[in-house]
Amino acid sequence: MVCAPCMPCWFLLGARACGESSGNHPASLRPSRTSSPSALFPDVVNCMQTDNLELKKLVYLYLMNYAKSQPDMAIMAVNTFVKDCEDPNPLIRALAVRTMGCIRVDKITEYLCEPLRKCLKDEDPYVRKTAAVCVAKLHDINAQLVEDQGFLDTLKDLISDSNPMVVANAVAALSEIAESHPSSNLLDLNPQSINKLLTALNECTEWGQIFILDCLANYTPKDDREAQSICERVTPRLSHANSAVVLSAVKVLMKFMEMLSKDLDYYGTLLKKLAPPLVTLLSAEPELQYVALRNINLIVQKRPEILKHEMKVFFVKYNDPIYVKLEKLDIMIRLASQANIAQVLAELKEYATEVDVDFVRKAVRAIGRCAIKVEQSAERCVSTLLDLIQTKVNYVVQEAIVVIKDIFRKYPNKYESVIATLCENLDSLDEPEARAAMIWIVGEYAERIDNADELLESFLEGFHDESTQVQLQLLTGIVKLFLKKPTETQELVQQVLSLATQDSDNPDLRDRGYIYWRLLSTDPVAAKEVVLAEKPLISEETDLIEPTLLDELICYIGTLASVYHKPPSAFVEGGRGVVHKSLPPRTASSESAESPETAPAGAPPGEQPDVIPAQGDLLGDLLNLDLGPPVSGPPLTTSSVQMGAVDLLGGGLDSLIGGTNFVAPPTAAVPASLGAPIGSGLSDLFDLTSGVGTLSGSYVAPKAVWLPAMKAKGLEISGTFTRQVGSISMDLQLTNKALQVMTDFAIQFNRNSFGLAPAAPLQVHAPLSPNQTVEISLPLSTVGSVMKMEPLNNLQVAVKNNIDVFYFSTLYPLHILFVEDGKMDRQMFLATWKDIPNENEAQFQIRDCPLNAEAVSSKLQSSNIFTVAKRNVEGQDMLYQSLKLTNGIWVLAELRIQPGNPSCMLSLKCRAPEVSQHVYQAYETILKN
């Protein structure tokens, strides 16, 4: 019978290796079924004195595992460790220092310092490389001790070591420490140290190469020449047998290519060299293939030209696992072009006959994506889809109808001849998305379908059993039909409006029903302009990763972030891995002429800021989209604007009564709050803007509409600014009022007076469906580019989604920039007040503020306006206050309050007098709310 695995058995084996009989061993070392191995601690420690290397390894292994359970007794081993660190045998010296680093007992760490210091300067490179790793382990246990003992400086010196493995371990240790302490600048790399790392790269082991390459990826070359030099020396790593080395090398090259001009011959050479190693990765086992494919997906989105001639390697094999098949399919679509579309379509048509249902669905959708992406192939794609519909395979037919709807959206009035074929398959549709797509097609092209009313009426029979998606589409489809054929479908439209408003519990459906009812009753012409308005063309790429996030993920090639397609901060808990990386900026020689470093000077004084980007405007290039200025849609007619402002969002539903030949909805079904006066807006109907629930602290203004849906193709953006515990946020509410799903959101700010910039990407974690609203808190920093705006608090914003790029501007309240350490010492206050010239003093009157001095002081302090001193002069309360802005500007204030008088006088002194007006507005806002 085999005994339970425990350390004493190993020591008995070690004893036999020494020529000792197990019978001569002490009884305490004989295995027991009931004794815990930790009970043998004193006896095992005595074995440390042995000269047998194998036995010593086992003893040290035991100490690593059980020292934590016996911390007091672990000190008994310290002397032997110190002695072994001076042993003539370098293996024993390294073993001793490695073990001491792995024993996570605070009492031992102080004894480790001296032996570690000696080992870091040991003559044997094996000992030095082991000691380098030990510094990282010790730093994890006691960071302050490592810094006090100067080990970090010694570790930096090891980067210049003559042995490449020592260099690699030193880099690995410093990188590990820097990761856990992002604010520290441990890896302060310069051209000299980079040269040493590149020299070591050729000689160290594969894992050492990975550490060095990852370190190189964090370096930003000073110019394109240095970037090219590093790329030339890293390129040989692409032919390495280890896939991790290859991906790390690709990461370095992808980063530094940003700094190279596309006109360089070397740039083209580098593109050609990157393709073969990536293709080679796809010959590995499926798990490695998947990791490689996820990384290739990012690379193709950033630089599709690298693999544009390698389409065939992404063709699916019959024995590929489903996760590999789907990833290959996605990359095939990204690489599809006019040159290879015939080849791609032939493959996709073949995939559509597979037995795996999920894969077939994806293949059919891929054909639709090809049609949308490559316009020249659209006709061939539609023909292919019709062939698939003729197979009469249920799930193939349904997917084909969904993608044909998208093709109609992309190419209106071009392929409608296939509608008859689609209608033949209407009875076989049982999936919500396919039914909704078919209803959309029938409603959109009702004038071309003779029996459109019969087709839509067939869906009404089971209206309440349909999914919300189908119900909403059916409501809109029948309203479209009514607007096109009013005399024939009046009864049908009243039936659907009644079902939506009276018999439905779904608020989205009910609201849309009431809006349509109001429109049709008050102004059918306006209703026609809204419901039958020209649809924006759908984007050719709806699933591209947002550009700033893509740049960050390129910096994480070869890591989990590149597999998840999420930044580390999205899935790593704790303090590690939350540093946002980005690609290096392009140098002057590599920047394109289309993005000049000029910016609009802001809106003229006295006007509401309105951003209309022009060619070359900084806002036109905000998101680095390579799209040029945004293409504006057809201008809205006057009648449609009036309709949107008055009829759609205006008067209460009681005004519906009296519509010609149209029955008004019953008053019992109308919420009382809907009888609002004209112009109140739908948001007020449900009291959405009456206030913002927030933690006590700085005053938060209610959300206001910054970008109306009519100016942003259905995207409405409302928001406000908050400051909580030292952090500034832009609280956004995004509402999709369009008829298509919105994805791929991104946001960027123009340069502004106080350097406000997004501190993280705009994270909309799920697609924004029609009529859906999502609330997001976007953290802001004040370290962005600075440019004086007019007015001073003007913020110009660009928001991108899969439909287009939209621009708006807003005014942020200055009190969000008041910092928490803005209380000035009394003596300093007095000296500063005298020092600021009198002409910089500005006086304001704050009316309708019936608060006493204590209430005023308390209210202002919650927004970081601090009372330095208070006194009473001739019955007046005088408050002397200070505040500091994020850019370091101090503002001093004298507030005179007369008890019983609702007005108070405010005097402001500041070295930047243009700030005073906005500080006064902040005072007034805070005190009156």
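Up top you'll find the structure we're talking about.
Our subject in this report is the structure included herewith. This is a predicted model, so every value here is computed, not measured.

## Let's talk about the overall build of the protein chain
Of the regular secondary structure elements, the protein chain holds 36 helices and 13 strands. Considering only residue pairs separated by 6 or more positions, the protein chain has 66% of its internal contacts joining residues 24 or more positions apart. Accessible area for the protein chain stands at about 42,500 Å²; split by element, carbon and sulfur atoms hold 51% of it.

## Details of unusual backbone geometry
Glycine aside, residues mostly have negative phi, and peptide bonds are mostly found in the trans state. Here the residue pair Glu 790 and Pro 791 is connected by a cis peptide bond, since its omega of -5° sits within 30 degrees of zero. Tracing the backbone shows Pro 791 in the loop between β6 (773-781) and β7 (794-800). Non-glycine residue Lys 713 carries a positive phi angle of around 50°. Residue placement: Lys 713 occurs in the loop between β1 (704-707) and β2 (715-724). According to the relative accessible area criterion, Lys 713 is partly exposed, its value standing at 29%.

## Remarks on the packing of aromatic side chains
Taken as a whole and judged by the stated rule, the model has 12 aromatic pairs. Aromatic pair Phe 844 and Tyr 920: ring centres 4.5 Å apart, planes at 5°, arrangement stacked. Of this pair, Phe 844 sits in strand β9 (residues 841-846) while Tyr 920 sits in helix α36 (residues 916-927); the two residues are 76 residues apart in sequence, bridging distant segments of the chain. Across this residue pair, the class does not change: Phe 844 and Tyr 920 are buried. Three or more aromatic residues joined by ring pairs form one cluster here, namely Trp 706, Phe 721, Phe 808 and Tyr 812. The cationic tip of Lys 325 hangs over the ring face of Phe 359; the distance from NZ or CZ to the ring centre is 5.3 Å.

## Observations regarding the nonpolar core
Counting 198 residues, the largest nonpolar core has Leu 116, Leu 197, Val 234, Leu 348 and Phe 408 as the members making the most contacts within it. In terms of residue count, the dominant contributor to this core is helix α11 (residues 164-180) (10 residues). Of the residues that make up this core, three or more belong to each of domain 1 (36-188) and domain 2 (431-522). Contact partners of Val 234, with chain neighbours within four places excluded, come to Leu 198, Leu 201, Leu 213, Leu 216, Ala 249, Val 252 and Leu 253. Listed in part, the 63 residues of the second largest apolar core include Phe 749, Tyr 812, Cys 849 and Ile 926.

## Structural notes on the pattern of salt bridges
Per the counting criterion, the structure on display carries 31 salt bridges. For Glu 399, the salt bridge goes to Arg 361, with nearest N and O atoms at 2.9 Å. A residue pair is termed long-range when its members are at least 10 positions apart, and Glu 399 in helix α22 (residues 394-410) and Arg 361 in helix α20 (residues 357-373) qualify at 38 residues. Of the two residues examined, Glu 399 and Arg 361, each falls in the buried class. Here Lys 484 and Glu 447 are joined by a salt bridge, their closest N and O atoms 3.0 Å apart. Of this pair, Lys 484 sits in helix α26 (residues 468-484) while Glu 447 sits in the loop between α24 (432-444) and α25 (452-460); the two residues are 37 residues apart in sequence, bridging distant segments of the chain. The exposure class assigned to Lys 484 is partly exposed, which follows from its relative accessible area of 26%. Look at Glu 447 and you get partly exposed, because its relative accessible area is 45%. Connected through shared salt-bridge partners, Arg 361, Arg 365, Glu 399, Glu 431 and Glu 433 make up one network.

## Looking at the pairing of strand β3 (residues 727-736)
Extensive coverage of β3 is indicated by the burial of 9 of its 10 residues. Direction of pairing for β2 relative to β3: antiparallel, over a ladder of 10 bridges. What sits directly across from Ser 718, in β3, is Gln 733. Connecting β2 to the next strand, β3, in antiparallel fashion are 2 residues, including Val 725 with a positive phi near 50°. As defined by bridge partners, β3 adjoins β6 across 8 bridges and the pair is classed as antiparallel. Each residue of the ladder has a partner; that of Ser 729, found in β6, is Pro 779.

## Thoughts on the packing of helix α7 (residues 106-120) against helix α8 (residues 125-141)
When two helices pack together, you describe them by how their axes are tilted relative to each other and by the distance separating the axes. Packing of α7 against α8 leaves a shortest axis separation of 10 Å and a crossing angle of 150°. One way to sum up the angle between α7 and α8 is to call them roughly antiparallel. α8 is crossed by α7, and the crossing has left-handed handedness. Only Val 127, Arg 128, Ala 131, Ala 132, Cys 134, Val 135, Leu 138 and Ile 141 of α8 make contact with α7, whose side of the interface consists of Asp 106, Thr 109, Leu 112, Leu 116, Cys 119 and Leu 120. Here the contact of α7 with α8 is built from residues that sort into 11 nonpolar, 1 polar and 2 charged.

## Remarks on the environment of Gln 338
Take Gln 338: it is sitting in the loop between α18 (322-335) and α19 (341-351). Among the polar contacts made by the side chain of Gln 338, one reaches the side chain of Gln 376 at a distance of 3.4 Å.

## Focus on the sheet that holds β1
An order of β1-β2-β3-β6-β5 is seen for the 5 strands of this open sheet, with the pairing classed as antiparallel. The open sheet has two edge strands with one neighbour each: β1 and β5 (757-758).

## A look at helix α27 (residues 490-501)
The terminal C-alpha atoms of α27 lie 17 Å apart, and with 12 residues this matches the ideal 16 Å at 1.5 Å per residue to within 8%. Every buried residue belonging to α27 is among Leu 492, Val 493, Val 496, Leu 497, Leu 499, Ala 500 and Thr 501, and all of these are buried. Looking at the buried positions of α27, the neighbouring elements they touch are α25, α26 and α28 (507-522).

## With respect to the side chain of Arg 237
Within the secondary structure, Arg 237 is located in the loop between α14 (224-234) and α15 (243-256). Contact partners of Arg 237, with chain neighbours within four places excluded, come to Leu 201, Asn 202, Gln 209, Leu 213, Val 245, Val 246 and Ala 249.

## Observations regarding the packing of helix α3 (residues 53-66) against helix α6 (residues 90-102)
Contact geometry for α3 and α6: axes closest at 9 Å, N-to-C directions at 10°. It follows from the interaxial angle that α3 and α6 lie roughly parallel. Between α3, through Leu 53, Lys 56, Lys 57, Tyr 60 and Met 64, and α6, the contact on the second element is made entirely by Leu 91, Ile 92, Leu 95, Ala 96, Thr 99 and Cys 102.

Rules used throughout
Residues numbered from 1 in each chain as written. Predicted model: local features only at pLDDT ≥ 70, side-chain atom pairs only at ≥ 80, totals over all residues. Heavy atoms only, no water. Helix = DSSP H or I, 4+ residues; strand = E, 2+ residues; numbered from the N terminus. Contact = heavy atoms within 4.5 Å. Areas by Shrake-Rupley, 256 points an atom, 1.4 Å probe, with all protein chains shown as cover. Buried < 20%, exposed > 50% of the residue type's maximum accessible area, 1.4 Å probe, protein only. Phe/Tyr/Trp six-rings, centres within 6.5 Å; stacked < 30°, edge-to-face > 60°. Lys NZ or Arg CZ within 6 Å of the ring centre and 35° of its normal. Core = buried A, V, L, I, M, F, W, Y, C linked by side-chain atoms within 4.5 Å. Domains from an automatic or database assignment. Salt bridge = Lys/Arg side-chain N within 4 Å of Asp/Glu carboxyl O. Pairing = 2+ DSSP bridges. Axes fitted to C-alpha atoms, helices over the stretch in contact; angles between N-to-C directions. Parallel < 35°, antiparallel > 145°, perpendicular 65-115°, else oblique. Left-handed = near helix turned anticlockwise from the far one by under 90°. Nonpolar A, V, L, I, M, F, W, Y, C, P; charged D, E, K, R; others polar. Polar contact = N/O pair within 3.5 Å; in protein donor to acceptor, adjacent residues only side chain to side chain. Expected span 1.5 Å × (residues − 1).

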